[in-house]
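Each chain is listed here by its residues.
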Amino acid sequence: MNFVVSPKSVDEAVNFLVEHPEARPMSGGASLVAMKNARLIDASHFVSLANIDGLRGIGRVGDSLRIGGMTRHSDIATCDLLKGDLEMIRLAAGQIANSVIRNMGTMGGAIGNADPAADYLPVLACADGEVEITGPDGVRRLPVLDYVLDWYETALELGEIVTAVFLPSPKEARSVYRKLARTPGDYATASVACCAVDQGVRVAVGACGPRPLRSREAEATLAGKMHDVDAIAEFGQALRELADPLDDVRGSSQYRLQLIPRMVSAAIADVMEPV
Amino acid sequence: MSLDLDIPDGIAVGLSIPKLENREKVTGRAEFIDDLYRSGMLHAAILGSPYPHARILSYDVAEALEAPGVVGVLTGDDVPASRMGAFIKDEHALAKGKVLYLGEPVAALAAETLEQARAAVNLIRVKYEELPAVLSPEEGLVDDAPILHEHLDDYLKVFDTGSKGNLCSRTELSEGDVDTAWDACALIVEDEFTTAPQAHVAMEPCGALADVDAQGRVTLWSSNQSVFRVQANVCESLDLPMSKLRSLTPRVGGGFGNKMESHIQPLTVALALKTGRPVKCILTREEDFEIVRARHPFKIRMKTGVDSQGKILARDCEVLVDCGAFADDSPGVMGYALLMAGGPYRIPNMRARGQLVYTNKLRFGAYRGFGNPQVTFAGEQQIDQIARQLNIDPIEIRRRNILKEGDRWFAGPKIASNGLGRCIDAIEEASSWASCPSSKMPLGKRRGRGLALTAHISGLLGTGAIVRMLEDGTISLNTGATDIGQGSDTVLAQICAETLKIPINMVSVSSPDTDGSPYNWGTTASRVTYTTGRAVAGAAREVVRQIMEHASEILDVPIEYLELRNGGRVAAKGANEDLPFAAISGRAHWAKGGPIVGSHTLVFEEPTHDPKRAIALGLPFPRIGVFSFAATLVDIEIDEVTGQTQVTEAWSAMDVGRAINPRLVEVQIEGGFVQGMGFALYEEMIWDGARLANPSLMDYKIPTSADAPPIHSIIIEDPEPDGPFGAKGAGEIGLNAVPASIANAVNACCYGVSKALPLSSERVLARILEDEDAS
Amino acid sequence: MSKKQVFTLALNGKEVEVLAPSGATLLDVLRDKLSLRAAKRGCNQGVCGACTVMIDDVPVRSCLTMAGACEGRCITTLEGYADDTVMRELQEAMIASGGVQCGFCTSGVLITARNLIAENPIARNDEIRSALSGNLCRCTGYVRIVEAVAKAAKEVAP
């Protein structure tokens, strides 16, 4: 049998993965093939999801917006439906790597690895996004913060693939994505997603721990006090308390802890700015 | 060789002629080492040491030999005990007896396919006895430190290195009397600085392809900066007579110092000799980071004293340099850094000392700037500090101190060509320096402006050129100089064409080949235009002399009444009738004199210093070169939220004596700027204990088109009397002052001094937080 | 993975069949089996950009594309643009501007740049710099590359 197999349906893909535990699902291939080239994985097959209908594209489904798991970053970065409080998703997509990689990488592939510095994780957490997972036991959905378990570890079981991400319908409200990276396109050293909600904000911090940082409690405490500088500073500190960063080649954990309250305040200022 | 005023320029020299090989590069037809194939070729893979310091106890290659496709395995037992090395001969072709850094090649194998080679290489079993590792120069100098090179005393050394224990070399240079000079100083600044190791990241990883003919003679292609250094290193380490090895050059995808001394050529040749088949070895990007070489991290203590007018009275500089596991070019880098530690200034009392220490890390080696960027980072900040404290404009204080024409560098020969003052004028004007003070921007940004000056040598060692007139009057030029993309083939052809007054398309440039090319030390030390260019001009002049002799006899006119005319013709002055080169060449080939061949060789002979006026202990190069000068100025913007610093605009003026090809000089300024910017802002090879933590382009970032700034390149020409048409070097100097100018710009808007490179956003944020705490 | 298979590729306007290891990338196949060596292996991780080719009208990394995932897709390499007027303008501009030094990044740069100016001939310098940010160059400092792309864009603009 060939190394790359191209099933025509999700069921076919799932069955193949269950029958071949050493096989790996391949969406854009950007991360997966890079790992293979570096001899970091030893798979029996790559199961390409490219020929499966219905996995690409962004559209409304009832009250939600659905981003198919095989939708490319380049399409997400230019999608008009991602506006208002979902604009941060578009902004995050546009800062992934570079224009060429964005033609290859996909939403499903990007969150499939749960790379802590990946750009989608904080924006999806901030947007209350849900991950749709399809496997041998059917379809299930998990909030993003329940999907990412630990450093590079997701809730995916054998045979399961990310088939879509669901977001609440966009509301008219500002949202931003602030990313600190050494050079344009690098993984985030630290990142902040922020959107305005009635009386307050939702904020998620990326690249400062195994999972995005979000505190609904702190958001509730801050609500109604958006012009109170001290309250905003306290909010930043609250997120800093949740952080569990590592020292890595992009920065020390101490630096990330310094950055969190500063970048959070700046992101809040961005969304509060009069248009 | 003096400026020849009889041959007016205009046919080639001074023109921005597109490089001769550009068309093949834009059509994808250029052949780099990985594009070369030999019938029956095998592919190599390398096994690296898992320990930073260990004795090799035994090898077991049986399983590897059985693996599919494997044809031959190489270990230290297969290579001789001979050693190679530019200054100290301390390296074998492959680790023998000991390994000295994590990842050091300890074995290699060749298989029918690359996939088979990579799959099998981990089947080579090596037993080690781990030894305690030395991971910093300080550790290496401790009394009972583990010793890396146990036979250091026996190694051949090309100068008085003072090697002992883990001390690879020591150098001390001094002029005047530094110790008593401080008393006269109105202001003294003293600081310690550190710089991080930088990776070359040429876009093409290192590679080699070796073949052995029926007579046992080796033909070796490799990505290189010197076919002659490759030949010497391979032959020394494998005990081959140099006549048994031919070293050739495909197109080279960048070097920057990484490819001047050998990389994997010795082990590739050894594998070819062992298997009897051609062997190609191309490093992965990770291996290119881990097993070749990198820029030296420096620890610098610098002290500068001035009078009340800001005139420098004394400078004392002490450096501690991490050598890595092998000496390579390190003694030269340290010695050169010390020679340059005063900067381009008149300093009556100067001392520069250094210690270079072996450690169990990747060898550090030649890298554009060769130690100068590191000491310039320190020295130029001190000039600015002094300017700030004495309330003198940073440009003004430099003007008060810079070397002038006729001054000497470290009691060396008088500098005949010095355009530094004009470089300063140029950037001052182009940037509107006077009207743009550093300012704090609204919305959490800071802006700063900073400048730095530098000088750099070009010259060094030996070179030759052969110019042949082919039967039809066209010209073949052979210099042995490797064009690594910077355009030396084109520049040398321009020099040749100008001297002969022919269009450049009448000149063909031979590829460097130790079989046919005259010796050329290499494409390094900013030397090819100046040194090899002199040889080319000399060889072409010899051809002109022979042309004139023939023409004189054919036309029956005395030589002094003859002139060259554009297009390859010679005639009596004022006469209509002329002789094409083809006619001259025909006569030479068939009737009289013999084929026209001009050759010229030279070695740079001017002494680096006069021992009666300055003291040098452990000076690696008794003859070095002439001086180029440059001034760099940058505008930066700092994000106060994160500390991230970006260069928004840059001006860089370079005195190159004469720009043989102005566009190519501009690209050296621009490319040097961006590579220096990366070194200044975020490039850093990071060791996690003994292991290099970021040997990949994911984790080690270099500048992209989106963060490289607009750069204004300004060429200044102050002709070098010895240079070909007045030219001197341009390759490295464009990088030297960049980290210093960026540091000075940061210092202009943040309190304090930038003590460490890179000026990462983390470090700059720490400065901003200090400011915030203070206020 | 040492198993071989026959790949059928729509490449530079022609259909080609090539026998290669089943786990090969498109870059492996182009260089090792088809002698199309304009695309270079600078990192094999998709970061440097030297391997960039066009697949279905977008520039992608051939080192990160499995040959086995190329069925039914249209591949164009630099060699395939030999008669393309937009590419010719770019090549001439690069030759003249100084944007070619060692040349190792050049093929990838040309593919990305051609796609940019074919879609957006009025691209500004900052848009050019942004589009090319995934093509690393260590020699030029990018100034003359951007200059060449801007010049070529003007030439091809309607």
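Every value quoted in this text rests on a predicted model; they were computed, and no experiment measured them. (Residues numbered from 1 in each chain as written. Chains lettered and ligands numbered in written order. Predicted model: local features only at pLDDT ≥ 70, side-chain atom pairs only at ≥ 80, totals over all residues. Heavy atoms only, no water.)

### Some thoughts on the overall build of chain B
Let me state the cut-off plainly: Only DSSP runs of H or I reaching four residues or more are called helices, and only runs of E reaching two or more are called strands; each is numbered from the N terminus. Atoms considered for the radius of gyration are the C-alpha atoms alone. The globule rule reads 2.2 Å times the number of residues to the power 0.38. Burial here depends on accessible area, computed with a 1.4 Å probe over protein chains only, as a share of the maximum for the residue type. Under 20% is buried, over 50% is exposed, and the range in between is partly exposed. The criterion used for residue contact is that any of the two residues' heavy atoms lie within 4.5 Å. The Shrake-Rupley method, run with a 1.4 Å probe, gives the accessible areas here. Residue values count only the displayed protein chains as cover. For the charge count, each Lys or Arg is scored as positive and each Asp or Glu as negative, with His and the chain ends excluded. Charge coordinates come from a single atom per side chain, which is NZ of Lys, CZ of Arg, CG of Asp or CD of Glu.
A count of helical and extended segments in chain B gives 19 helices and 30 strands. The globule rule puts the C-alpha radius of gyration for 775 residues at 28 Å, and the 27 Å found for chain B is close to it. The buried share of chain B, reckoned over its 775 residues, is 67%. Sequence-distant contacts, at least 24 apart, represent 80% of the contacts inside chain B between residues at least 6 apart. Of the accessible surface of chain B, which amounts to about 25,600 Å², a share of 50% is contributed by carbon and sulfur atoms. Averaging the positions of the 74 positive and the 102 negative side-chain charges in chain B gives two centres separated by 2 Å.

### Section: the packing of helix 10 (residues 372–390) of chain B against helix 11 (residues 394–401) of chain B
All names here are of chain B. Let me state the cut-off plainly: For helices, the axis comes from a line fit to the C-alpha atoms of the stretch in contact; other axes are also lines fit to C-alpha atoms, and the angle between any two N-to-C directions lies between 0 and 180 degrees. In these notes the angle categories are as follows: under 35 degrees is roughly parallel, over 145 is roughly antiparallel, 65 to 115 is roughly perpendicular, and the rest is oblique. The sense of a crossing depends on the near helix, which, turned anticlockwise from the far helix by less than a right angle, makes the crossing left-handed and, turned clockwise, makes it right-handed. Residue polarity is assigned by list, with Asp, Glu, Lys and Arg as charged and Ala, Val, Leu, Ile, Met, Phe, Trp, Tyr, Cys and Pro as nonpolar; anything else, Gly included, falls into the polar class.
Relative to each other, helix 10 and helix 11 sit at 110°, their axes nearing to 9 Å. By the criterion of interaxial angle, the relationship of helix 10 to helix 11 is roughly perpendicular. As for how helix 10 packs across helix 11, the hand of that crossing is right-handed. In this structure, helix 10 uses Glu380, Ile383, Asp384, Ile386 and Ala387 to contact helix 11, whose residues at the interface are Pro394, Ile397 and Arg398. Of the residues in the contact of helix 10 with helix 11, the class split is five nonpolar, no polar and three charged.

### Observations regarding the interface of chain C and chain A
Bring the parts together and some accessible area is lost; that lost area is often taken as the interface size. Here is the rule we go by: In short, buried area is how much 1.4 Å probe accessible area vanishes from two parts on joining, totalled over both. Note on definitions: salt bridges are taken to be side-chain nitrogens of Lys or Arg within 4 Å of carboxyl oxygens of Asp or Glu. What qualifies as a polar contact is a pair of N or O atoms within 3.5 Å, subject to a donor-acceptor requirement within protein and to the restriction that residues adjacent in sequence count only when both atoms come from side chains.
Every contact between the two is made by 24 residues of chain C and, on the other side, 23 residues of chain A. Between chain C and chain A, a total of about 1,800 Å² is buried, with carbon and sulfur atoms accounting for 59% of that surface. Connecting chain C to chain A are zero salt bridges. At the boundary of chain C with chain A, the tally comes to seven residue pairs in polar contact (both at pLDDT 80 or more). Class assignment of the residues belonging to the side of chain C that touches chain A gives a composition of nine nonpolar, 13 polar and two charged.

### Observations regarding the sheet that holds strand 19 (residues 475–478) of chain B
Residues and elements named next belong to chain B. Note the following rule: Strands qualify as paired when DSSP identifies two bridges or more between them.
Spatially, four strands are ordered 20-19-18-24 in an open sheet, and the strand pairing comes out mixed. One side of each edge strand has no neighbouring strand; the edge strands of this open sheet are strand 20 (507–509) and strand 24 (597–603). Taking each pair of neighbouring strands and ignoring which way they run, the sheet shows an average axis angle of 15°. For strand 18 (residues 462–469) and strand 19, the ladder comprises four bridges, and the chain directions are antiparallel. From the neighbouring strand, Ile466 faces strand 19, where its bridge partner is Asn478.

### Regarding unusual backbone geometry
Residues B:Leu757 and B:Pro758 are joined by a peptide bond in cis, for which omega reads 0°. Its location among the elements puts B:Pro758 in the loop between helix 18 (738–749) and helix 19 (761–774). Within the chain, A:Gln199 stands out as a residue other than glycine whose phi angle is a positive 75°. Mapped onto the secondary structure, A:Gln199 falls in the loop between strand 12 (190–197) and strand 13 (200–206). Residue classification places A:Gln199 among the exposed residues on the basis of a relative accessible area of 54%.

### Looking at the sheet that holds strand 4 (residues 58–61) of chain C
Residue and element names in this part refer to chain C. If you walk across this open sheet you meet the five strands as 2-1-5-3-4, and the pairing is mixed. Pairing within the sheet leaves two strands with one partner each, and these edge strands are strand 2 (14–21) and strand 4. Each neighbouring strand pair of the sheet contributes to a mean axis angle of 45°, computed without reference to strand direction. Inspection of the sheet shows strand 3 (residues 52–55) paired to strand 4 by four bridges, in the antiparallel sense. The partner of Ile55 across the bridge, within strand 4, is Val58. Sitting on the sheet, helix 1 (residues 26–33) touches strand 1 (4–11), strand 2, strand 3 and strand 5 (74–76), and the angle it makes with strand 2 is about 95°.

### What to know about the domain arrangement of chain B
All names here are of chain B. To be explicit about the condition: Per the annotation, domain bounds derive from an automatic or database assignment of domains.
When cut into domains, chain B gives domain 1 (22–29 + 461–603), domain 2 (33–131 + 205–252 + 259–291) and domain 3 (298–459 + 608–774). A C-alpha centroid distance of 38 Å is found between domain 1 and domain 2. At the interface, 21 residues of domain 1 touch 16 residues of domain 2. Buried surface at the junction of domain 1 and domain 2, summed over both partners, amounts to about 1,500 Å²; 49% is from carbon and sulfur atoms. Interface area lost by domain 1 to domain 2 is led by Thr482, Thr514 and Asp515, which between them contribute 33%. Seen at the junction of domain 1 and domain 2, the total is four salt bridges. Among the salt bridges present, the one from Asp513 reaches Arg246, with a minimum N-O distance of 2.6 Å. At the boundary of domain 1 with domain 2, the tally comes to nine residue pairs in polar contact (both at pLDDT 80 or more). Its residues placed into classes, the side of domain 1 that touches domain 2 shows five nonpolar, ten polar and six charged.

### Comments concerning the interface of chain C and chain B
Listed per partner, the contact involves 39 residues of chain C and 56 residues of chain B. For chain C, the biggest contributors to the area lost against chain B are C:Ile95, C:Gln101 and C:Arg138; these three give 22% of the whole. Taken together, chain C and chain B are joined by nine salt bridges. Residues C:Arg144 and B:Glu670 are paired through a salt bridge, measuring 2.7 Å at the closest nitrogen-oxygen approach. On inspection of chain C and its partner chain B, the count reaches 26 residue pairs in polar contact (both at pLDDT 80 or more). Elements that contribute at least two residues to the side of chain C that touches chain B include exactly helix 1, helix 2 (85–97), helix 3 (106–119) and helix 5 (143–156) of chain C.

### Some thoughts on the side chain of B:Asn520
Residue and element names in this part refer to chain B. Along the chain, Asn520 falls in the loop between strand 20 and helix 14 (528–555). Judged by its relative accessible area of 0%, Asn520 falls in the buried class. Within polar-contact distance, the side chain of Asn520 engages the backbone nitrogen of Gly522 at 3.0 Å. There is a polar contact of 3.0 Å between the side chain of Asn520 and the side chain of Thr532.

### Some details on the pairing of strand 10 (residues 218–222) of chain B
Residue and element names in this part refer to chain B. Put simply, the rule reads: By definition, the crossover connecting two strands over a helix is right-handed if that path, from the first strand to the second, turns clockwise as seen with the strands pointing away from the viewer.
Within strand 10, five of the five residues are buried, which leaves it mostly tucked inside the rest of the structure. Burial along strand 10 is two-sided: Val218, Leu220 and Ser222 and Thr219 and Trp221, pointing in opposite directions, are all buried. Bridging between strand 9 (residues 207–212) and strand 10 involves five bridges; their strand directions are antiparallel. Following the sheet pairing, Leu209 is matched in strand 10 by Trp221. Once strand 9 ends, the chain turns through five residues before running back antiparallel as strand 10, passing Gly216 with a positive phi of about 85°. The pairing of strand 10 with strand 11 (residues 245–248) spans four bridges and is parallel. Across the sheet, residue Trp221 finds its bridge partner in strand 11, namely Leu248. For the handedness criterion, the β-α-β arrangement of strand 10, helix 6 (residues 227–238) and strand 11 is classed as right-handed.

### Considering empty space enclosed by the protein
Residue and element names in this part refer to chain B. Under the convention used in this document: In the cavity and pocket records, a cavity denotes points on a 1 Å grid over the protein atoms alone where a 1.4 Å probe fits but cannot get out, a pocket denotes an open set with protein on both sides within 12 Å along at least 5 of 7 lines, and lining residues are residues with an atom within 4 Å of a point. Grid points are joined across faces, edges and corners, and a volume is the space filled by probe spheres set on the points.
Within the structure shown, the criterion is met by twelve cavities of 30 Å³ or more. Considered as a void within the structure, the largest cavity measures approximately 560 Å³ in volume. Gln486, Ser526, Gln668, Ala730 and Gly731 are, among the 38 residues lining the largest cavity, the residues nearest its centre. Breaking the lining of the largest cavity down by element, the ones donating at least two residues are helix 13 (488–500), helix 14 and helix 16 (662–681). Per-element accounting of the lining of the largest cavity gives the leading share, three residues, to helix 16. There are two domains that each give the lining of the largest cavity at least three residues, and those are domain 1 (22–29 + 461–603) and domain 3 (298–459 + 608–774). Space inside the second largest cavity adds up to approximately 260 Å³. What lines the second largest cavity is a set of 25 residues, among which Met84, Glu91, His92, His263 and Arg363 lie closest to the centre.

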